[in-house]
Amino acid sequence: MKGTLAICCLLSLLLLQAAAEEDAVTTEPLRDRSHIDETLRLATEEKANDYTAALQKLRQIYHTSIKPMEQAYKYNELRQHEISDGEITSKPMVLFLGPWSVGKSSMINYLLGLHESQYQLYTGAEPTTSEFTVIMHGEKIRSVEGIVMAADSSRSFSPLEKFGQNFLEKLIGIEMPHKMLERVTFVDTPGIIENRKQQERGYPFNDVCQWFIDRADLIFVVFDPTKLDVGMELEMLFRQLKGRESQIRIILNKADHLVTQDLMRVYGALFWSLAPLINVTEPPRVYVSSFWPYDYAPDTSRELFKKEEISLLEDLNQVIENRLENKIAFIRQHAIRVRIHSLLVDRYVQTFKDKMSFFSDPELVFKEIVDDPDKFFIFKSILAKTNVSKFDLPNRDAYRDFFGINPIASFKPLSTQCSYIGGCLLEKIEKAITHELPALLSSLNSGKQPGLSSCEVTGCGEKPKNRYRKN
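Note that the structure is predicted; figures quoted are calculated from it, not measured.

As a further point, take the environment of glutamate 116. Positionally, glutamate 116 belongs in the loop between helix H6 (104-112) and strand E2 (132-137). You can call glutamate 116 exposed: its relative accessible area is 53%. Between the C-alpha atoms of glutamate 116 and proline 293, which are 177 residues apart in sequence, the distance is 9.9 Å.

Written out as structure tokens, the structure reads:
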């Protein structure tokens, strides 16, 4: 009996100790977040700029001048990037990448003030995030399943269906009425685990990451001072980030866990590890701080960490304020790629027709052209006759695969892609690139509201001039 009583007393003491430790954790002082609202101007009652007219104009330019060329020459078959209305009207996207348990979810909780709320992202010392979580604005707090997000054409996530049902089960959306989410969307990703194989995830993880990378306006790559090892998964991630260096920001999180001397060593070790992966003249901006709700650890450089945090918020605010300018520039860049692709396909078509004779075997003739396009000056002719940079030309090998699933006979020459009402496809996309999209950008900078002219809505009935038709 006495032994049982002693055991009960011991269990009671252990429970009381655990409760005391939990109270100590929960009563840990929280950090002041007022500078977040001030830097992002969330506390002000200023009405956000109305970009409805500009977005309508941008959609009109895309649908009338760019998309017809995409469809005629099957650009989506080459780049696997189809632009939807949801993507044109979507808010800026901030993507969080990095190894497991480096504080990506805690950083989102801190920025949005979700600590101890119903919808705070789960965090822990072990790998906790196994889903791609999209945190976006909504009229009420609710979660949205991945299959629902992909089925909704008004959102920009419908193309994610191509990654399969296994991935959609790992995709979740969280909607909440938050002022910051009125201007930006956050995407939390599963942490990189170096010893995990792709097939263990059940979906193409790298391909999904690439989809979000291609559409992100800002990419936070988060590191922990204790997890600076670079393995194959992280190397693959940085290969996917090639060409997006201007959008990348490196976050050295949990910096208040180290004394100043150790922090300097870790900062240098981080650059040493990343230098072979980021082969650019100017490295991405690095922010050193501790992004979580609790106060900084004592005897650390709290003033430095707070300045770094405010600098990151200003960086984020600049992306938010320039969202429409960035969207116009993105659509123009897309239009340039579509135009180059169409010119190349047209050149392949013309070369095939010139080489064909009555006794020629069509398959052998075209195989010779596709296998050695330089022999027929296909790419060089595009550089010589048009205002195209050699750095914008796609990979030659990509067209071997492209024409493998799209027979050359299914394409018409550009000279025949004209109609009396619609005009010529090439002239329309060139007008969009050189005049309409730059004019829309200028109207935003001057503060004018763009509108649609009567000719742009109905067409002026002029007979299209085709300067590319052979006389």
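Before going further, it helps to examine helix H13 (residues 302-321). For H13, with 20 residues, the first-to-last C-alpha span of 28 Å sits near the 28 Å given by 1.5 Å per residue. Listing the buried residues of H13 in full gives Phe305, Glu308, Glu309, Leu312, Leu313, Asp315, Leu316, Asn317, Val319 and Ile320.

Bringing the pattern of salt bridges into the picture now. Inspection of every chain in the model, using the stated rule, returns 16 salt bridges. Between arginine 249 and aspartate 315 there is a salt bridge, with the nearest N and O atoms lying 2.4 Å from each other. Of this pair, arginine 249 sits in strand E7 (residues 248-252) while aspartate 315 sits in helix H13, and the two are 66 residues apart along the sequence. The same class applies to arginine 249 as to aspartate 315, namely buried. With a closest N to O distance of 2.7 Å, lysine 367 and aspartate 371 form a salt bridge. Residue lysine 367 and its partner aspartate 371 are both found in helix H15 (residues 362-371); the two are separated by 4 residues, about one turn of the helix. Sharing partners across several salt bridges, the network here consists of Lys367, Asp371, Asp397 and Arg400.

Further remarks concern the nonpolar core. Counting 49 residues, the largest nonpolar core has Tyr348, Tyr399 and Phe403 as the members making the most contacts within it. Contributions of two or more residues to this core are made by helix H3 (52-72), helix H4 (75-79), helix H14 (323-355), H15, helix H16 (378-385), helix H17 (396-405) and helix H18 (425-445). The next biggest cluster of nonpolar side chains, apart from the first, holds 48 residues, and it includes Leu97, Val134, Val266 and Leu277.

Two quantities define a packed helix pair, namely the angle between the helix axes and the distance between the axes. The contact between H14 and H18 brings their axes to 10 Å, and the two run at 170°. Looking at the two axes, H14 sits roughly antiparallel to H18. Only Leu426, Ile429, Glu430, Ile433, Leu437, Pro438, Leu440, Leu441, Leu444 and Asn445 of H18 make contact with H14, whose side of the interface consists of Leu324, Glu325, Ile328, Ile331, Arg332, Ala335, Ile336, Val338, Arg339 and Leu343. Looking at the contact of H14 with H18, its residues break down into 15 nonpolar, 1 polar and 4 charged.

On to the sheet that holds strand E5 (residues 185-188), then. With mixed pairing, the 8 strands of this open sheet are ordered in space as E3-E4-E2-E5-E1-E6-E7-E8. Each edge of the open sheet is held by one strand with a lone partner, namely strand E3 (142-145) and strand E8 (285-288). Each strand of the sheet is rotated relative to its neighbour by a mean of 20°, with strand direction disregarded. Lying over the sheet, H6 contacts strand E1 (93-97), E2, E5, strand E6 (218-223) and E7, oriented at roughly 155° with respect to E5.

The next point concerns the packing of H15 against H17. The geometry of H15 relative to H17 is characterised by a closest axis approach of 9 Å and an angle of 150° between their N-to-C directions. The pairing of H15 with H17 is recorded here as roughly antiparallel in orientation. Contacts from Phe366, Val370 and Asp371 in H15 reach Tyr399, Arg400 and Phe403 in H17. Of the residues contributing to the contact of H15 with H17, the split by class is 4 nonpolar, no polar and 2 charged.

The next subject is unusual backbone geometry. Positive phi, close to 50°, is recorded for lysine 74, a residue that is not glycine. Mapping lysine 74 onto the fold places it in the loop between H3 and H4. Judged by its relative accessible area of 31%, lysine 74 falls in the partly exposed class. Positive phi is not limited to glycine here, since serine 101 has a value of about 55°. Mapping serine 101 onto the fold places it in the loop between E1 and H6. Serine 101 sits in the buried class, given a relative accessible area of 15%.

We now examine the confidence of the model for the protein. Atomic detail in the predicted coordinates should be set aside for any region of low pLDDT. Taken over all residues, the pLDDT of the protein has a mean of 82, while the share at 70 or more is 83%. Counted against residues more than four places away or in other chains, residues 19-26, with its pLDDT under 50, gives 1 contact. Contacts from residues 452-471, a stretch scored under 50 in pLDDT, to residues over four places away or in other chains number 30 contacts.

In this section: the packing of aromatic side chains. All chains considered together, the criterion is met by 26 aromatic pairs. Pairing phenylalanine 157 with tryptophan 211 gives two aromatic rings, centres 6.3 Å apart and planes at 40°, and the pair type is tilted. Here the residue phenylalanine 157 occupies a position in the loop between helix H7 (146-151) and helix H8 (165-168), and tryptophan 211 occupies one in helix H10 (residues 205-215), the gap between them amounting to 54 residues. Since its relative accessible area comes to 5%, phenylalanine 157 is described here as buried. Between the aromatic rings of tyrosine 296 and phenylalanine 305, the centroid separation amounts to 5.7 Å while the plane-to-plane angle is 50°, which identifies the pairing as tilted. Residue class for tyrosine 296 comes out buried when judged on its relative accessible area of 8%. Of the aromatic side chains, those joined through ring pairs into one cluster are Tyr73, Tyr348, Phe352, Phe366, Phe379, Tyr399, Phe402, Phe403 and Phe411. Directly above the aromatic system of tyrosine 110 lies the positively charged group of arginine 31, at a separation of 5.0 Å from the ring centroid. The ring of tyrosine 287 has arginine 285 lying over it, and the distance from NZ or CZ to the ring centre is 4.4 Å.

About the criteria used
Along each chain, numbering runs from 1 in the same order as the chain's sequence is written. Selection of residues for local features in this predicted model requires a pLDDT of at least 70, selection of side-chain atom pairs for listing and counting requires 80 or more, and totals for whole chains, interfaces and linings are taken over all residues. To obtain the side-chain values, all non-hydrogen atoms of the structure were used and water was disregarded. In DSSP terms, a helix is any run of H or I states spanning at least four residues, a strand is any run of E spanning at least two, and both are numbered starting from the N terminus. Think of it in three bands: residues with accessible area under 20% of the maximum for their type are buried, residues over 50% are exposed, and the middle band is partly exposed, with areas taken using a 1.4 Å probe on protein chains only. Multiplying 1.5 Å by the helix residue count minus one yields the expected span of that helix. Salt bridge, as used here, is a side-chain nitrogen of Lys or Arg placed within 4 Å of a carboxyl oxygen of Asp or Glu. In this description, a nonpolar core means a group of buried Ala, Val, Leu, Ile, Met, Phe, Trp, Tyr and Cys residues linked to one another through side-chain atoms lying within 4.5 Å. Throughout, an axis means a line fitted to C-alpha atoms (over the contacting stretch in the case of helices), and angles, computed between N-to-C directions, take values from 0 to 180 degrees. Between 65 and 115 degrees an angle is taken as roughly perpendicular, under 35 as roughly parallel, over 145 as roughly antiparallel, and anywhere else as oblique. Two residues form a contact once any of their heavy atoms are found within 4.5 Å. Each residue gets one label: Ala, Val, Leu, Ile, Met, Phe, Trp, Tyr, Cys and Pro are nonpolar, Asp, Glu, Lys and Arg are charged, and the others, such as Gly, are polar. Any two strands with at least two DSSP-identified bridges between them are counted as paired. pLDDT runs from 0 to 100 and stands for how confident the predictor is about each residue. Whether two aromatic rings pair depends on their centres lying within 6.5 Å, for rings of Phe, Tyr and Trp, where Trp uses its six-membered ring; planes under 30 degrees apart make the pair stacked, over 60 edge-to-face, and the rest tilted. In our convention, an over-ring charge means Lys NZ or Arg CZ found within 6 Å of a ring centre and within 35 degrees of that ring's normal.

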